[in-house]
Amino acid sequence: MEGISVDEVKVSLQKFGLYDYVVFVLMLMICAMIGVYFGFLKKKSKKGDVEADYLVGGRQMSVIPVSLSLIASFISGISLLGTPTEIYVYGVQYMYVMGGVITMGFIMMHIYLPVFHNLQLTSTYQYLQTRFDKRMRLFGSVLFTLATMAWLPIVIYVPALAFNQVTGVNVHLITPLVCIICIFYTCVGGLKAVVWTDVIQTVMMFGAMMLIIVKGTYDVGGLSVVMDRASESGRFEAPDLRFDLTTRHNIYSCVIGGVIYWLKTNAVSQNMIQRYLSLPTLKDAKRALWTFIVGTLFLLGLCGYSGLLIYAKYHDCDPLTTKLAKAKDQLLPLLVMDTLGDYPGLPGLFVAGVFSAALSSLSTGLNSLSAVVLEDFFKPFLDRPLSERTSAIIMRSVVGVFGVICVGLVLIVEKLGSVLQLSMSLGSVSNGPLLGIFTLGVLIPWSTGTGAIIGGSVGLVVMSWICLKAQMAIASGELQFEVKPTDTQGCSYHFIASEPMSMLAINVTAPLEPEIVSEPEFALYHISYLWYTLLGALITIVIAVIVSFLIGPNNPDEMDSKLFSPFVARILDRRRRRKVAHSQPRIEFFESCHL
């Protein structure tokens, strides 16, 4: 390769052949046929259960398929491509978030999941109306809808970039084709089709990552070479024990901040809760939760290791500096074509795996939006129940319309460029207030609907300001990225060096807040992005409790104990029993006096 240009190297790596296209198309066809089966061939539920069948699988799904669906829904193409980039650019500090994932499982199992499952809800935002009032239900539903519609186009666009890297096919040619198939099987098959396509897609994700890791590790000389090069470059490091809110990643932000972030994503999000509610019993839901956690930790571990593998492969010729990879999200696809390109069908399996993650997230989002629109935007404002036919039309129309909008928004996402970070930060804007509102509901009986909506609104405004100011600080250079060292001394091709990687390698898994290098004067928006959800939730809870006590709190004795977490419900029940016991002697005394 001596004397050739970087452009010639790019062309030589685009070996996506007939067998690869066959594997990719086969994956799409299998997904479409699953939709046909559940939409037209599978025996329908009995009359009156159309909504439950479409939105929560008739509440008779099995644990293993639902667990795999949860993994596929959570690990989007952004995570699959972004986590290796995070490790390559910043090191393994982010991976300590796994401690937060495990802790989240215990909190969710004992506090949030029992409430939602025992109430047999379809939309988690129904809970907000039952616990507070109709205003809160609408407030939560609107936040969820906006955040989902900001997230889904990015989920579609990122794997399209990977496809472009390995094939050269235009992003806007592949995106509509893939999305149409996803919209089709989600529209006709409902949750059952979504879950079973997720099963196929999860297997493909794991298979693709295992192939890359095994072959890539062999090519660089073994596991010891990967770990030695990672250690020498500072990428493989112990947890950062400094307690500094402005440090981008340390053990406290990863574990504590990670717990809160994952709680919002898994414990109260409609996307995920809808899967748990499709299981027949709470015991099954808890089993699915822990299967999901184990599977997610394993997949995150694979993604993290692949980041170290990318560095071991390109330790002396950084592809971002040489522009061999035009975008940060193309590092893993580059490794795939460099490692598996000579094996027909294997690059196709990888691309199918990445698109599987995207399709799963898209189908999950669309199915959840159909539940929220029907349950929260239509039913509460109608005087009479909807017919089965009308409900079916609404649910399928929502999937179709929102799906088409997402495909259209991909065009805007591409034009926005660096504003892609700002689009992803919208999740952090709404995550904190939403988690705060649900936490108020399940843990604090005194909180009122008025307090919750004021607290949520204040939290939303504050987090919007923090995210906007952080983005402005990044753009102005006030906040800068601290990245791990790279080298280009070993490159065997000609290239024109790009900008420093610190400006290029914006992290997809964590795109909001870089580490402060020059230690400017502290400002609230300098804190690590991993604290955002916790901060938003705390603001919401504190303001809501203060307002509730100022205007007059709820009387816990008058509240339905089923609306609260099991340990709160037990406290309320004991309190009521004591009051009854204390009042009983007085009643008997007055009765004896009367006699």
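What you see is a predicted model; the values in this text were computed from it and never measured. (Residues numbered from 1 in each chain as written. Predicted model: local features only at pLDDT ≥ 70, side-chain atom pairs only at ≥ 80, totals over all residues. Heavy atoms only, no water.)

### Things to note about the state of the cysteines
Note: disulfide means a covalent bond formed between the sulfur atoms of two cysteine side chains. Rules: For the purposes of this analysis, a disulfide is any pair of cysteine sulfur atoms at a distance within 2.5 Å. Numbering goes from the N terminus for both helices and strands, where a helix is a DSSP run of H or I of at least four residues and a strand is a run of E of at least two. The classification of residues rests on relative accessible area computed with a 1.4 Å probe and restricted to protein chains. Under 20% of the type maximum is buried, over 50% is exposed, and intermediate values are partly exposed.
Tallied over the entire structure, the rule returns one disulfide. In this model Cys317 forms its disulfide with Cys491; the gap between the sulfur atoms is 1.9 Å. Taking the torsion about the sulfur-sulfur bond, which here is approximately 105°, the covalent link between Cys317 and Cys491 counts as right-handed. With Cys317 in the loop between α13 (282-313) and α14 (319-322) and Cys491 in the loop between α19 (449-476) and β2 (493-494), the pair connects residues that are 174 residues apart, well separated along the chain. For Cys317, a relative accessible area of 8% gives the class buried.

### Section: the environment of Asp219
Here Asp219 lies in helix α9 (residues 171-220). Under the relative-accessibility criterion, Asp219 is labelled partly exposed at 33%. Each C-alpha atom, one on Asp219 and one on Lys313, is 8.4 Å from the other, the two residues being 94 residues apart in sequence.

### Comments concerning the pattern of salt bridges
Think of it this way: side chains of opposite charge can pair up when their charged atoms draw near. We apply this condition: By definition here, a salt bridge exists when the distance from a side-chain nitrogen of Lys or Arg to a carboxyl oxygen of Asp or Glu is within 4 Å.
Summed over the entire model, instances satisfying the criterion amount to nine salt bridges. Between Asp219 and Lys215 there is a salt bridge; the shortest N-O distance is 2.8 Å. A residue pair is termed a helical-turn pair when its members lie 3 or 4 positions apart in one helix, as Asp219 and Lys215 do in helix α9 at four residues. Residue Arg287 is joined to Asp284 by a salt bridge in which the shortest nitrogen-to-oxygen separation is 3.3 Å.

### Digging into the packing of aromatic side chains
Operational definition: In this scheme Phe, Tyr and Trp rings, the latter by its six-membered ring, pair at centre separations within 6.5 Å, and the angle between planes marks the pair as stacked below 30 degrees, edge-to-face above 60, and tilted otherwise.
Per the stated rule, a full pass over the model turns up nine aromatic pairs. Taking 6.2 Å as the distance between ring centres and 55° as the angle between the ring planes, the aromatic pair formed by Tyr88 and Tyr311 counts as tilted. One end of the pair, Tyr88, is in helix α5 (residues 77-90); the other, Tyr311, is in helix α13, with 223 residues separating them in the sequence. Judged on exposure class, the residue Tyr88 and its partner Tyr311 are both buried. Judged by centre distance (6.3 Å) and plane angle (20°), the rings of Tyr127 and Phe438 are stacked.

### Comments concerning the packing of helix α10 (residues 223-232) against α13
Basically, it comes down to this: Working convention: axes come from line fits to C-alpha atoms, limited for helices to the stretch in contact. Angles between N-to-C directions cover 0 to 180 degrees. Geometric relationships in this document are graded by angle, where less than 35 degrees denotes roughly parallel, more than 145 denotes roughly antiparallel, 65 to 115 denotes roughly perpendicular, and other angles denote oblique. By the convention used here, residues are in contact when the closest approach between their heavy atoms is within 4.5 Å. Note that Gly is not counted as nonpolar here; it falls among the polar residues with everything else outside the nonpolar set of Ala, Val, Leu, Ile, Met, Phe, Trp, Tyr, Cys and Pro and the charged set of Asp, Glu, Lys and Arg.
Running from N to C, α10 and α13 point in directions that differ by 85°, and their axes come no closer than 9 Å. When the axes of α10 and α13 are compared, the pair comes out roughly perpendicular. Across from Leu223, Val226, Met227, Arg229 and Ala230 in α10, the residues of α13 making contact are Tyr305, Leu308, Leu309, Tyr311 and Ala312. For the contact of α10 with α13, the residue count by class is nine nonpolar, no polar and one charged.

Don't take any of this as a statement about function, it's just geometry.
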